[in-house]
Amino acid sequence: QVQLVESGGGLVQAGGSLRLSCAASGFTFSSSAMSWFRQAPGKDREFVATTRRAGGNTYYADSVKGRFTISRDNAKNTVYLQMNSLKPEDTAVYYCAAQVIFNDYSDYKHYDYWGQGTQVTVSS
């Protein structure tokens, strides 16, 4: 049974930091691309960051580049999102996603598994 369980969300003031975690099980984590997406109320789900596989390339949305860092620990089957210099516009539900067969990393429709999401709220 595939599971992706996010944690680490919460309420933070603008300029603050949060670290999200996503613990994965039930599929071959080390060879899968792992990504973070987010969805704000009334908006489409948008790509945030991806790590293609262990030691592979990482890519970021322009809106978070230089502030967010994605990383993974294959020994723990966990992917992280370190978020610094948070802004109110970063407020959203953040989702972890796994892509077993590599495809367009920015399109949420090309992902195989999803977590339940964790709320991040940034106050001004």
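The paragraphs below set out a description of the structure included in this document. All values reported here derive from a predicted model rather than from experimental measurement. (Residues numbered from 1 in each chain as written. Predicted model: local features only at pLDDT ≥ 70, side-chain atom pairs only at ≥ 80, totals over all residues. Heavy atoms only, no water.)

The subject of this paragraph is the state of the cysteines. A full pass over the atoms with the stated rule returns one disulfide. Disulfide pairing places Cys 22 opposite Cys 96 at an S-S distance of 2.1 Å. Across the disulfide from Cys 22 to Cys 96, rotation about the S-S bond amounts to roughly -75 degrees, and the bridge is consequently left-handed. With Cys 22 in strand β3 (residues 18-25) and Cys 96 in strand β9 (residues 92-99), this pair connects stretches of sequence that are 74 residues apart. Note on accessibility: Cys 22 and Cys 96 belong to one class, buried. (Disulfide = S-S within 2.5 Å. Helix = DSSP H or I, 4+ residues; strand = E, 2+ residues; numbered from the N terminus. Buried < 20%, exposed > 50% of the residue type's maximum accessible area, 1.4 Å probe, protein only.)

Pairing is antiparallel in the open sheet, where four strands are placed in the order β1-β3-β8-β7. Since the sheet does not close on itself, it has two edges, and those belong to β1 (3-7) and β7 (68-73), each with one partner. For this sheet the average axis-to-axis angle between neighbouring strands, irrespective of direction, equals 15 degrees. Pairing geometry for β7 and strand β8 (residues 78-83), over six bridges, is antiparallel. For Phe 68, the partnering residue across the bridge sits in β8 and is Met 83. (Pairing = 2+ DSSP bridges. Axes fitted to C-alpha atoms, helices over the stretch in contact; angles between N-to-C directions.)

So, about the pattern of salt bridges. Tallied over the entire structure, the rule returns five salt bridges. With its nearest N and O atoms 2.8 Å apart, the salt bridge here joins Arg 67 to Asp 90. Of the two residues, Arg 67 is situated in the loop between β6 (58-60) and β7 and Asp 90 in the loop between β8 and β9; the sequence distance between them amounts to 23 residues. Among the residues examined, Arg 67 registers a relative accessible area of 11% and is labelled buried. Put simply, Arg 38, Glu 46, Arg 67 and Asp 90 are held in one network by salt bridges that share partners. (Salt bridge = Lys/Arg side-chain N within 4 Å of Asp/Glu carboxyl O.)

In this section: the pairing of strand β4 (residues 33-39). With six of seven residues buried, β4 is to be regarded as a mostly interior element. Of the strand pairs in this sheet, β4 and β9 are connected by seven bridges, and their pairing is antiparallel. Bridge pairing in β9 places Gln 39 opposite Val 93. Here five bridges tie β4 to strand β5 (residues 46-51), and the two strands are oriented antiparallel to one another. Bridge assignment links Met 34 to a residue of β5, and that residue is Thr 51. Connecting the antiparallel pair β4 and β5 is a turn made up of six residues, with Gly 42 showing a positive phi of about 80 degrees.

What follows concerns the environment of Arg 72. Considering the arrangement of structural elements, one finds Arg 72 in strand β7. Note on Arg 72: relative accessible area 16%, which makes it buried. Considered as a pair, Arg 72 and Met 34 are 38 residues apart in the sequence and their alpha carbons are 8.3 Å apart. A distance of 2.7 Å separates a polar side-chain atom of Arg 72 from the backbone oxygen of Phe 29. In this structure the side chain of Arg 72 is engaged in a polar contact, spanning 3.2 Å, whose partner is the backbone oxygen of Thr 51. (Polar contact = N/O pair within 3.5 Å; in protein donor to acceptor, adjacent residues only side chain to side chain.)

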